[in-house]
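Architecture and fold: a report
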Amino acid sequence: MVALSSSSKIYVAGHRGLVGSAVVRAFLLKGYQSLLVRTHDELDLTNQAAVHGFFNKERPEAVIMAAARVGGIHANNSRPALFIRDNLLIQDNVIDAAYRCGVTKFVFLGSSCIYPKLAPQPIKEDYLLTGPLEPTNEWYAIAKIAGLKMCQAYRREYGFNAISLMPTNLYGPGDNFDLQHSHVLPALIRRIHEAKIRGDARIKVWGTGTPRREFLHVDDLADAILYLFQNYDAEQMLNVGWGEDVTIRELAELVMSVIDYRGDLEFDTTKPDGTPRKLLDVTRLKGLGWKPRISLETGIQQTYAWFKEHGALARL
Ligand code: GFB
């Protein structure tokens, strides 16, 4: 295991996003004092020269790669070029610069959408590249597959110590609550909250409500990242999930009960369902000694409290 101390310089890429901000919270709490961060205005990660210049100057010892172009089903489906271009550029620049500047530990983050649309459930890491992808997010998925393969290739050829983690659908404080471009959970929190305030009799839910999704609180993910940062140094990528999933209808009902909204659900079947199910098999991660703690109900309560305090447009 690579020895990194609490004073090691660790670059958290994407520290203002949902994942990056949770990583910063978790690492600070654990005593890591030398976190290096840059806003998008300070450093454009799609700019190769800027990224290499930054690494040459700052020479971080470790990197948590939480920077990515992300969004929900509509954002992915409507902006294929943006999603594949930005993600390929960002990860290519950061992985290569980190290797060239002697980074001794690199954590790459992917997504459960890298797996085939109709993969057997729960999805084991070995099912990667065994079938066609879900069309609504194949551009993002292809970029993420390229990222994890790049990490494996750099490990094999150059001995670069990169690990890759594949989180399931995430949510939590600092999420994007935009009604068009966000993921389902923040969209439902906002839509149901606003419907309650207006006194609407019903709310709209995209799709049929039958797809199943697994949700992991971002503070659990940050805890897993910290644990694996300290305890895992291998090529094999790891799924990070909660271990159970719910239908979108069940999710909407849970959010309604947390918000105490008594209206009806109306399903807008002109909107896509996406993949029918993507429950991750987390046997490997459990075997390494880590498990999540924040139940979906507790996590939604906490995220709703954050949303009420910060508002729809707030990011961390
Ligand atoms: O969270 P979501 O956008 O992403 O949608 P995916 C999950 C499910 O919730 C889909 C339904 O079946 C949506 O149709 N849904 C219902 C809604 N109401 C809404 C709503 O108001 N907003 C949204 N966004 N969905 C994403 C990928 O797929 O998952 C990304 O596109 C990434 O690439 C991410 O992998 C984790 O789970 O379908």
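Please refer to the structure placed before this passage.
Conventions we followed
- Residues numbered from 1 in each chain as written.
- Predicted model: local features only at pLDDT ≥ 70, side-chain atom pairs only at ≥ 80, totals over all residues.
- Heavy atoms only, no water.
- Helix = DSSP H or I, 4+ residues; strand = E, 2+ residues; numbered from the N terminus.
- Rg over C-alpha atoms; globule rule 2.2 N^0.38 Å.
- Buried < 20%, exposed > 50% of the residue type's maximum accessible area, 1.4 Å probe, protein only.
- Contact = heavy atoms within 4.5 Å.
- Areas by Shrake-Rupley, 256 points an atom, 1.4 Å probe, with all protein chains shown as cover.
- Lys, Arg positive; Asp, Glu negative; His and termini not counted.
- Charge placed at Lys NZ, Arg CZ, Asp CG, Glu CD.
- Pairing = 2+ DSSP bridges.
- Expected span 1.5 Å × (residues − 1).
- Arc of directions from axis to C-beta.
- Near = heavy atom within 4 Å.
- Polar contact = N/O pair within 3.5 Å; in protein donor to acceptor, adjacent residues only side chain to side chain.
- Phe/Tyr/Trp six-rings, centres within 6.5 Å; stacked < 30°, edge-to-face > 60°.
- Salt bridge = Lys/Arg side-chain N within 4 Å of Asp/Glu carboxyl O.
- Axes fitted to C-alpha atoms, helices over the stretch in contact; angles between N-to-C directions.
- Parallel < 35°, antiparallel > 145°, perpendicular 65-115°, else oblique.
- Left-handed = near helix turned anticlockwise from the far one by under 90°.

Another aspect to go through is the overall build of the chain. Assigned secondary structure in the chain consists of ten helices and twelve strands. Over its C-alpha trace the chain gives a radius of gyration of 19 Å, about what one expects of a compact globule, namely 20 Å for 316 residues. Counting only C-alpha atoms and orienting by the principal axes, one finds that the chain spans roughly 60 × 40 × 40 Å. Going through the 316 residues of the chain one by one, you find that 54% of them count as buried. Sequence separation of at least 24 residues holds for 82% of the intrachain contacts in the chain that already meet a minimum separation of 6. Working note: accessible area of the chain is about 13,700 Å², and carbon and sulfur atoms make up 51% of it. Here the chain holds 37 positive side-chain charges and 35 negative ones, and the gap between their average locations is 1 Å.

Glancing now at the sheet that holds strand E4 (residues 105-109). In space, the six strands of this open sheet follow the order E2-E1-E3-E4-E5-E10, with parallel pairing throughout. Taken across any chain shown, the strands that pair with only one partner, and hence form the sheet edges, are strand E2 (35-36) and strand E10 (238-240). Inspection of the sheet shows strand E1 (residues 10-13) paired to strand E3 (residues 62-65) by four bridges, in the parallel sense. In the strand pairing of E3, Ala13 is matched with Met65.

With 15 residues, helix H10 (residues 296-310) should reach 21 Å at 1.5 Å per residue; the first-to-last C-alpha distance of 21 Å fits that figure. When we look at burial in H10, the residues that qualify are Leu296, Gly299, Ile300, Thr303, Tyr304, Trp306 and Phe307. With its buried residues spanning 160 degrees around the axis, H10 presents them on a single face. Away from its buried face, by an angle of more than 90 degrees, H10 presents the exposed residues Lys308 and Glu309. Gly311 lies just past H10 and shows a positive phi near 90 degrees.

The next thing to look at is helix H1 (residues 18-29). Counting along an α-helix, one turn takes 3.6 residues, and residues three or four places apart therefore face a common direction. The end-to-end C-alpha separation of H1 is 17 Å, in line with the 16 Å expected for twelve residues at 1.5 Å each. Burial analysis of H1 places nine of its twelve residues in the buried class, which makes it a mostly covered element. Among the residues of H1, those classed as buried are Leu18, Val19, Gly20, Ser21, Ala22, Val23, Val24, Ala26 and Phe27.

Now for the site of the ligand. Around the ligand, a shell composed of 22 residues is seen, among which Ile73, Val184, Arg213, Pro272 and Asp273 lie nearest. In this structure, Val184 approaches the ligand through a main-chain N or O atom, which is 2.8 Å from an oxygen atom. Within the side chain of Lys278, one N or O atom sits 3.1 Å away from an oxygen atom of the ligand. For the ligand, whose unbound accessible area comes to 700 Å², protein coverage reaches 97%. Within the residue set of the shell around the ligand, elements represented by two or more residues are helix H3 (73-78), helix H6 (184-198) and strand E7 (202-206).

A word on the packing of aromatic side chains. This model, assessed by the stated rule, comprises 15 aromatic pairs. Judged by centre distance (6.0 Å) and plane angle (85 degrees), the rings of Tyr32 and Phe229 are edge-to-face. Separated by 197 residues along the polypeptide, Tyr32 in the loop between H1 and E2 and Phe229 in helix H7 (residues 218-231) bring together distant segments of the chain. Each member of the pair, Tyr32 as well as Phe229, is classed as buried.

In this section: the side chain of Arg191. Looking at the element boundaries, Arg191 is found in helix H6. It is Glu194 that comes nearest to the buried, bridge-free Arg191 among opposite-charge side chains, at 7.2 Å. Those residues in contact with Arg191 that sit more than four places away from it in its chain are Leu179, Ile203, Lys204, Val205 and Trp206.

Running from N to C, helix H8 (residues 248-259) and H10 point in directions that differ by 55 degrees, and their axes come no closer than 10 Å. Comparing their axes, H10 and H8 come out oblique. In this structure, H8 crosses over H10, and the sense of that crossing is right-handed. Mapping the contact onto sequence places Leu251, Leu254, Val255, Val258 and Ile259 in H8 and Leu296, Glu297, Ile300, Gln301 and Tyr304 in H10.

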